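Reading the structure
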Amino acid sequence: MTAEMVAPGWMHQQITADEYDSWSAEQCAGVEIVDGMVVVSPSASKRHNRLARILANSLDAAAGPDWNADTDFDVRLQDVPLTNRRPDVVVYRAETIDITPTRPEHVLLVVEVVSPGSETTDRIVKVNQYAQAGIAFYWRIEQTANGVPLVYTYVLDPASRSYRDADMFTGTIRTAAPFAIEIDLNTI
């Protein structure tokens with residue numbers, strides 16, 4: 001076994017919030033922390049990244065001055081044990097743009113674009129973590145073989161801290177409150 005094949009020691013021990021907060025942006029890129037353990041995320045495909053970016057841009061334009069939509073940053077779901085997730089798209093309160101870490105109470109919506117290898121995590125694990133953290137809306141986007149995305153939307157039931165199914169969209173997304181938006185995903 002060569003030195004390149006040996007994972008660094010920090011990948012085999014629990015990471016605290018203070019330790020993670022001391023890491024550089026480069027160290028944090030491409031990882032999530034689940035129950036204090038580092039989970040390395042493989043690089044997403046161009047189609048995956050494009051879909052997330054188009055959706056984030058559309059949500060940002062529709063959100064108005066009170067909300068921002070962005071990609072590729074941590075949402076701190078809990079401090080002990082540390083759980084940081086990096087949703088594909090996050091809609092969060094505009095006034096919290098400089099607050100780090102972004103916490104569930106800052107977030108309205110998280111979106112995960114399902115990729116090969118992330119199916120179980122995006123369909124089961126993350127949805128439960130986001131619900132337990134109290135994030136009001138969750139969207140899961142499935143990339144189909146014909147290129148037309150399927151968008152599954154979920155709304156939080158605050159009493160049970162679980163999501164209930166909402167609408168499913170193909171191709172074009174049309175939503176009402178909290179956003180008035182129409183996105184033609186067929187152009188992706």
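So, how was this worked out
Residues numbered from 1 in each chain as written. Predicted model: local features only at pLDDT ≥ 70, side-chain atom pairs only at ≥ 80, totals over all residues. Heavy atoms only, no water. Helix = DSSP H or I, 4+ residues; strand = E, 2+ residues; numbered from the N terminus. pLDDT = per-residue confidence, 0-100. Contact = heavy atoms within 4.5 Å. Core = buried A, V, L, I, M, F, W, Y, C linked by side-chain atoms within 4.5 Å. Buried < 20%, exposed > 50% of the residue type's maximum accessible area, 1.4 Å probe, protein only. Pairing = 2+ DSSP bridges. Phe/Tyr/Trp six-rings, centres within 6.5 Å; stacked < 30°, edge-to-face > 60°. Lys NZ or Arg CZ within 6 Å of the ring centre and 35° of its normal. Expected span 1.5 Å × (residues − 1). Right-handed = clockwise from strand over helix to strand, strands pointing away. Salt bridge = Lys/Arg side-chain N within 4 Å of Asp/Glu carboxyl O.

Glancing now at unusual backbone geometry. Residue P81 is bonded to the preceding V80 through a cis peptide linkage, with omega at -20°. Mapped onto the elements of the fold, P81 is located in the loop between β4 (75–78) and β5 (83–85). The omega torsion across T100 and P101 is 0°, close enough to zero to call that bond cis. One can find P101 in the loop between β6 (89–93) and β7 (107–114). In the Ramachandran plot, D72 falls in the positive-phi region, its phi being about 60° despite a non-glycine side chain. Checked against the element boundaries, D72 lands in the loop between β3 (67–70) and β4.

For the chain, the mean per-residue pLDDT works out to 83, and 84% of the residues sit at or above 70. Within the model, pLDDT remains below 50 along residues 184–188, and this stretch shows 15 contacts once partners closer than five positions in the same chain are excluded.

Quick look at the nonpolar core now. Core analysis: the biggest nonpolar cluster contains 18 residues, and L55, L59, V89, V91, V111, W139 and I141 have the highest contact counts within it. Breaking this core down by element, the ones donating at least two residues are α3 (46–63), β3, β6, β7 and β8 (137–142). For this core, the leading source of residues is α3, giving 6 residues. By size, the runner-up hydrophobic cluster in this structure holds 16 residues, among which are V75, V90, Y130 and Y138.

Put simply, side chains in a regular strand alternate between the two faces of the sheet. Relative to β5, β4 runs antiparallel, the two sharing 3 bridges. The partner of Q78 across the bridge, within β5, is T83. Counting the residues that bridge the hairpin from β4 to β5 gives 4 residues.

Here we come to the packing of aromatic side chains. Aromatic ring pairs are reported here in terms of the distance separating the ring centres and the angle at which the planes meet. Applying the stated rule across the entire model yields 5 aromatic pairs. Taking 5.2 Å as the distance between ring centres and 55° as the angle between the ring planes, the aromatic pair formed by Y20 and W23 counts as tilted. The two residues Y20 and W23 agree in class, both being buried. Judged by centre distance (5.8 Å) and plane angle (35°), the rings of Y138 and Y154 are tilted. Linking Y138 in strand β8 with Y154 in strand β9 (residues 150–157), this pair joins segments that are 16 residues apart in sequence. A relative accessible area of 0% means that Y138 is categorised as buried. An aromatic cluster is defined as three or more aromatic residues linked by ring pairs; in this entry it consists of Y130, Y138, Y154 and Y163. Over the ring of Y152 we find R140; its NZ or CZ atom is 4.3 Å from the centre of that ring.

What follows deals with α3. Compared with the 26 Å implied by 1.5 Å per residue over 18 residues, the 25 Å span of α3 between its first and last C-alpha is a close match. Those residues of α3 lying buried are H48, L51, A52, I54, L55, A56, L59 and A63. One or two positions beyond α3, positive phi appears at G64, with a value near 80°.

Before going further, it helps to examine the environment of A29. Positionally, A29 belongs in the loop between α2 (25–28) and β1 (31–34). Residues A29 and S41 lie 12 residues apart in sequence; the distance between their C-alpha atoms is 8.9 Å.

Now for the pairing of β8. Where burial is concerned, most of β8 is hidden: 5 out of the 6 residues are buried. Bridge count for β7 against β8 is 6 bridges, and the pairing is parallel. Looking at the pairing, V110 lines up with Y138 of β8. With helix α4 (residues 119–133) bridging β7 and the parallel β8, this β-α-β connection has right-handed handedness.

Under the definition given, this model contains 11 salt bridges. A salt bridge links R76 to D21; its shortest N-O distance comes to 2.5 Å. Separated by 55 residues along the polypeptide, R76 in strand β4 and D21 in helix α1 (residues 17–21) bring together distant segments of the chain. A salt bridge links D74 to R86; the shortest N-O distance between them is 3.1 Å.

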